[in-house]
Amino acid sequence: MRGQVAVVGVGETEYYKRGEAPDAEFKLALKAILAACEDAGIDAKDIDGFASYSNDRSDPSRLAAALGCKELRFSNMQWGGGGGGGSGAIANAAAAIHAGLAETVVVFRALAQGQFGRFGQGPQRNTIAGEMAYTVPYGLMSPAQMFAMKVVRFMHDHGVEHSALRAISLACYEHAQRNPRAVMYGRPLDEAKYDASRWIVEPFRLYDCCQENDGAAAMILVSAERAGASPHKPCYVLGAVAGSHYRAGASVHNTPDYASSTFKTLAPRLYAMAGVTAKDVDVLQSYENFTGGVMMSLVEHGFCAPEQVNDFFVKERFLAPQGDLPLNTSGGNLAECYMHGLGLNIEAVRQIRGQSSSQVADADVSMVISGPMVTPVSSCILGSEATL
Amino acid sequence: MTDYYLRPGLPQPVAAGLDAPYWQGLRENRLLIQQCAACGGWQWGPEWVCHHCLSDQLHFAEVPAEGIIYSYERVWHPVHPALAEQGAYIVVLVTLPHAGDVRVVGNLLGDPEQTVPIGARVVGEFEHHEDADPPFSLLHWRIA
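Below is a short write-up of the structure. Please read these numbers as outputs of a predicted model, since none were measured by experiment.

A closer look at the overall build of chain B
Argument step 1. A tally of helices and strands in chain B yields 1 helix and 9 strands.
Argument step 2. Reading the helices (α) and strands (β) of chain B from amino to carboxyl end gives β-α-β-β-β-β-β-β-β-β.
Argument step 3. Its C-alpha atoms give chain B principal-axis dimensions of about 50 × 35 × 25 Å.
Argument step 4. Across the 144 residues that make up chain B, the buried fraction comes to 37%.
Argument step 5. Considering only intrachain contacts with a sequence separation of at least 6, the fraction spanning at least 24 residues in chain B is 53%.

Okay, structure coming up:
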């Protein structure tokens, strides 16, 4: 599949704080898709496939009807919660195009947490049964609480210091100060402010946690043959994989390989498919639900060994344009917007096009890691024409 | 005021078809974990088949409420209204050596700001919520 499919259009709504979107969630999805079509120079009526993740509520049949799509040929949901499906939806869309199931597929995600429920809150009901009954009565119920124990164990096993997590947050916020779209634009973060911020759940302080936002994002994918006609530099899908290791979904924190971002089995498949190694990656977007997930994601994608984390995770390394591994150059989920991670995939496209507000020179290999610590997770590598 | 570890008002557990023996066991100060009659393997949470040998001959076996801290977290930010005035509390992930090293989640009794040593031995303490409707019990842990 390497190089056979390309991203030719990206679109986003304005990004809002949670609950502040003026539009219904479905309208946000439509706006992002229409923006992506305009960017790609295509007619929305020509979309014949939809791919999303995390049980997005905007159903493809309704979207296709609303947009007047001539025919629906591919209607795809990547199972699994959280943002682990972002790059997986791209993999699914690319596979569908490569296999001839559809020709013009939009990958999208829309969220209006004011219209619907919040991620970061516990269940608001009187009784609970099944898997959650083993954790919720002990006060373990939010995403931060579900993942903190993985990170605690990883930090314990490898002697990781808190400064490693802080470096990720500082880099995201610094990039957001150059990105007027970022919700945290104009709200810089420094070490003192980070260190003084309150604990959410150890080892996560406030600035280790993603925002909760409203908005929508969309990407148009077509075959490489058709990509040449697009108005922007095509971004070729060099590799895209999804999945998880043995019994990653074992309940009540019983997965055998516990202190993991779930990428150990994926990363080798990703690099093999893309024909590149970690050393070839020019710019990286790595999903921050929480900084600890980014730390483990980078380790499991081979950017450094677990024992090197304290030395490797310094802010300067992660800053564009001069750092040797520019990270989350839009501000990411922490500081640009939490569009369930699809904003990271769009930023990866911007880097190849040369349109980022924190542009890396000659970004040819642009990588995205989606939704660490959940299952399934996913990651993808986009490349410029020079990589083909 | 009760002497429960966490303030009242969180969703209270009720048995599902699969795990009724487990919840009934806690009521009787017994820890019951799912075990396979065919291969002797353990698993938690309970499932309809054994993930080791795929047999459906599963039962619940009593094991000592003794374990080892595998990981933990100290929670500060309340995500449920019932915990608004709670302050910090500790959730521990405990390995059960007597049940094939499966892990269970509970709270670590004692000072919520105590240092939590990963690898330490812990013993279980049952917390009975007799005032709930229906009554239920939880299993907490204390450093041995």
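Read on for the rest.
Some remarks on the overall build of chain A
Argument step 1. Scanning chain A from terminus to terminus reveals 13 helices and 13 strands.
Argument step 2. A compact globule built from 388 residues should have a C-alpha radius of gyration of about 21 Å, and chain A, at 19 Å, falls within 12% of that.
Argument step 3. Counting across all 388 residues of chain A, residues that qualify as buried make up 62%.
Argument step 4. Put simply, 78% of the contacts in chain A that link residues at least 6 apart link residues at least 24 apart.

Some points on the interface of chain B and chain A
Argument step 1. Between chain B and chain A, the contact holds 32 residues from the first and 37 residues from the second.
Argument step 2. Counted by class, the side of chain B that touches chain A contains 21 nonpolar, 8 polar and 3 charged residues.

Let's talk about the nonpolar core
Residues and elements named next belong to chain A.
Argument step 1. Counting residues in hydrophobic clusters, the biggest one holds 172 residues, and the most contacted among them are Val105, Val106, Val107, Phe108, Ile220, Leu221 and Leu382.
Argument step 2. Broken down by element, the residue count for this core peaks at 9 residues, all from helix H5 (residues 162-176).
Argument step 3. In this structure, Ile220 is in contact with Val7, Val8, Gly9, Ala36, Cys37, Ala40, Ile42, Thr104 and Val106, ignoring residues within four places of it in sequence.

Describing the sheet that holds strand S4 (residues 58-63) of chain B
Residues and elements named next belong to chain B.
Argument step 1. Strand order in this open sheet of 3 strands is S3-S2-S4, and the pairing throughout is antiparallel. One side of each edge strand has no neighbouring strand; the edge strands of this open sheet are strand S3 (42-43) and S4.
Argument step 2. Strand direction decides the pairing type here: strand S2 (residues 31-36) and S3, joined by 2 bridges, are antiparallel. Within S3, the position partnered with Gln35 by the bridge is Trp42.

Quick look at unusual backbone geometry
Argument step 1. A cis amide bond, omega 15°, links A:Glu202 with the succeeding residue A:Pro203.
Argument step 2. By the element assignment, A:Pro203 lies in the loop between strand S7 (199-201) and strand S8 (204-205).
Argument step 3. Put simply, B:Trp44 and B:Gly45 share a cis peptide bond, and its omega is 0°.
Argument step 4. Along the chain, B:Gly45 falls in the loop between S3 and S4.
Argument step 5. Even without being glycine, A:Thr262 reaches a positive phi, approximately 85°.
Argument step 6. Inspection of the secondary structure assignment puts A:Thr262 in the loop between strand S10 (235-243) and helix H8 (266-274).
Argument step 7. Positive phi outside glycine occurs at A:Asp362, with the angle close to 50°.
Argument step 8. If you trace the backbone, A:Asp362 turns up in the loop between helix H13 (342-353) and strand S12 (365-370).
Argument step 9. Overall, A:Asp362 belongs to the exposed group, with 10 C-beta atoms counted inside 10 Å.

A look at the environment of A:Gly83
Argument step 1. Secondary-structure assignment places A:Gly83 in the loop between strand S4 (74-78) and helix H3 (86-99).
Argument step 2. The spatial distance from the C-alpha of A:Gly83 to the C-alpha of A:Ser378 is 8.9 Å, given a sequence separation of 295 residues.

Details of H3(A)
Note: α-helices contain 3.6 residues per turn, so residues at a spacing of three or four share the same orientation.
Residues and elements named next belong to chain A.
Argument step 1. Here H3 is 14 residues long and its end C-alpha atoms lie 20 Å apart, about the 20 Å a rise of 1.5 Å per residue gives.
Argument step 2. Here H3 lies mainly inside the structure; 11 of its 14 residues are buried.
Argument step 3. The set of residues buried in H3 consists of Gly86, Ser87, Gly88, Ala89, Ile90, Ala91, Asn92, Ala93, Ala94, Ala96 and Ile97.
Argument step 4. With its phi angle positive at about 85°, Gly100 sits one or two positions after the end of H3.

Cut-offs used in this document
Residue positions are given per chain, counted from 1 along the sequence in the order it is written. Numbering of ligands from 1 and lettering of chains from A proceed in the order in which they are written. The predicted nature of this model means local features are confined to residues of pLDDT at least 70 and side-chain atom pairs, given and counted, to a pLDDT of 80 or more, with totals for whole chains, interfaces and linings taken over all residues. Strands here mean DSSP runs of E at least two residues long; helices mean DSSP runs of H or I at least four residues long; both are numbered from the N terminus. Exposed residues have 12 or fewer other C-beta atoms within 10 Å of their own C-beta, buried residues have 20 or more, and residues in between are partly exposed; the C-beta atoms are placed from the backbone. Distance between backbone-placed C-beta atoms decides contact: two residues are in contact if it is within 7 Å. C-alpha atoms define the radius of gyration in this analysis, and the globule rule sets the expected value at 2.2 Å times the number of residues to the power 0.38. Nonpolar residues are Ala, Val, Leu, Ile, Met, Phe, Trp, Tyr, Cys and Pro. Charged residues are Asp, Glu, Lys and Arg, and all others, Gly as well, are polar. Any set of buried Ala, Val, Leu, Ile, Met, Phe, Trp, Tyr and Cys residues joined through C-beta atoms within 7 Å is what this text calls a nonpolar core. Pairs of strands are assigned from DSSP output, requiring at least two bridges between the strands. A helix is expected to reach a length of 1.5 Å times the quantity of its residues less one.

Just geometry here; none of it tells us what the structure is for.
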